[in-house]
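What follows is the residue order along each chain.
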Amino acid sequence: MLFDTIRDGMDYKRLAGGKWLNGKEYLEIVSPVDGSLCGRVPMMEDADIHAAVESCAAAQKQWQKVPLAQRGDILLRCADLLEEHQEELADMLVREIAKDISSSRAEVQRTAELIRATVQFAKTMTGETLQGGAMGRESTAKTAIVSRVPLGVILAVSPFNYPINLAMSKIVPALVMGNAVVFKPPSQGAVVSLCMVQCLQAAGLPDGLLGTITGAGKRVGQQLLREPSIHMINFTGSTQVGQIIAKGAGMIPLVMELGGKDAAVVLADADLDHAVSQIISGAFGYSGQRCTAIKRVLVLEQVADEFVSKLKEKMKEITVGNPYDGCMVTPLIHEAAADFVMELVEDAQSRGADIFTTGQRRGNLLYPICADHVTEEMRLAWEEPFGPILPVLRVKSAEEAVRIANKSEYGLQASVFGNNIREVFDVVEQVEAGTVNINGKSERSPDHFPFLGIKQSGIGVQGIRYALEASSTVKSVVLNKI
Ligand code: G3H
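As the structure is a prediction and not an experimental result, all values here were calculated from the model.

The rules we used
- Residues numbered from 1 in each chain as written.
- Predicted model: local features only at pLDDT ≥ 70, side-chain atom pairs only at ≥ 80, totals over all residues.
- Heavy atoms only, no water.
- 1 Å grid on protein atoms, 1.4 Å probe; cavity = no way out; pocket = protein on both sides within 12 Å on 5 of 7 lines; lining within 4 Å.
- Points joined across faces, edges and corners; volume = space filled by probe spheres on them.
- Helix = DSSP H or I, 4+ residues; strand = E, 2+ residues; numbered from the N terminus.
- Nonpolar A, V, L, I, M, F, W, Y, C, P; charged D, E, K, R; others polar.
- Expected span 1.5 Å × (residues − 1).
- Buried < 20%, exposed > 50% of the residue type's maximum accessible area, 1.4 Å probe, protein only.
- Contact = heavy atoms within 4.5 Å.

(A) Region of interest: empty space enclosed by the protein. This structure, assessed with the given rule, holds three cavities of 30 Å³ or more. Lining the largest cavity are 15 residues, and of these Ser 169, Arg 444, Asp 447, Gln 462 and Gly 463 lie nearest its centre. Broken down by secondary-structure element, the contributors of at least two residues to the lining of the largest cavity are helix H4 (101–124), helix H5 (165–176) and helix H14 (464–470). Examining the composition of the lining of the largest cavity, we find that three residues originate from one element, H5, more than from any other. Within the lining of the largest cavity, the residues separate by chemical class into eight nonpolar, four polar and three charged.

(B) Quick peek at helix H6 (residues 190–202). Here H6 is 13 residues long and its end C-alpha atoms lie 18 Å apart, about the 18 Å a rise of 1.5 Å per residue gives. Of all 13 residues making up H6, twelve are buried, and the element is well covered by its neighbours. Listed in full, the buried residues belonging to H6 are Ala 190, Val 191, Val 192, Ser 193, Leu 194, Cys 195, Met 196, Val 197, Gln 198, Cys 199, Leu 200 and Gln 201. Gly 204 occupies a position one or two residues after H6 and carries a positive phi of about 110 degrees.

(C) Local environment of the environment of Thr 129. You can see Thr 129 is positioned in strand E7 (residues 128–131). For Thr 129, a relative accessible area of 56% translates into the label exposed. Apart from the residues lying within four places of it in its own chain, the contact partners of Thr 129 are Thr 143, Ala 144 and Ile 145.

The structure is reproduced here in structure tokens:
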């Protein structure tokens, strides 16, 4: 069995220098579904981290000389292995992060497709030549040959909500462009992430090129920021942690996908049935634990009653419970996450919001919640709950919707629902977000579209071609005709 070689019983190993090594101490990973043990992962010490990074740095020197097609072939084999082990990996996702079974299978499949498309795009990347003389007085005898070269060692840090997909969307562009990767998976999601890494190893990745870093995030994170051989960081996670990384990273390139408070603006002439169905899926899919989840609705007051009534009816259809049964809303990642959502609900309720829910909380399982009549004084208008809750703010005009949308510290995505193209584009042009979706929910896919956040939502651009560019830099060679 592919994954048996990376564990002793429930103790999973760490990958460094091409070898799977035991830990000295272990971190327990417990299922949010039923509290059972998913596995234990090594709590790495500073010296282990340093050695793993240095192995990557040494291996990268050879890897960058391997032809791109050969680098790509290894990654394509990994895509096949992910598909072969789809059921096993999906089952681990369900257990470790409580993602429903069909979304878990889809995450594995999406990742195999992402790998294939990334390799294909990488093969089409070209450089350019520039001829001197365009600036005025300089010599025409100069020619610049501009090509893309790897950065060196890239630190990839992935979040709990997509342990496979958001890890591979960083690792694969980095590897195919000739970099080595130090990979820090989320603690919750570490077990399935290590199995995913084994797919890369089994596909034939050279020894040392990929190292895993496990242990408590804060502790290992501090050491990683001290490592001199890390040349770029690609991080997805909270804005709070992103800010710590940005302060500690020094002068290396960063790509960060951070928090969001994506607004859905519903204009007066919107198709309300369509808007409700998109907003339900955008807000409550994977229990709202997505950076791109719709996290507030700004609805024109003349259609607000009708919108909210349709929304509540549709919310009653949302399946809630066990991820193995394919429910849309499943237990949150831990109890504290559910406590935080309820703290925001209590604040809103005490300030006059109307709270509607389809059921009662059971531990870390929250039923979908709609908070209507949310106002700017309430925490729910601004804070990111990362749970199954949708605040509705009623606005007098599209201008007010834009003002409130832009008052947020975040700028990941937004949606505008409406049919008058001029009014829709007035909003689109003014909303501060990396992506604005017209008549659709906010989401990252398809994976070759640019994906970015502005303001406190991120730095840099992801999406296949953009990730390949971000994982490399330009090198210019200047030819002088003498
Ligand atoms: O949680 C952040 C992810 O990038 C969201 O991805 O829109 O595919 O769910 P998604």
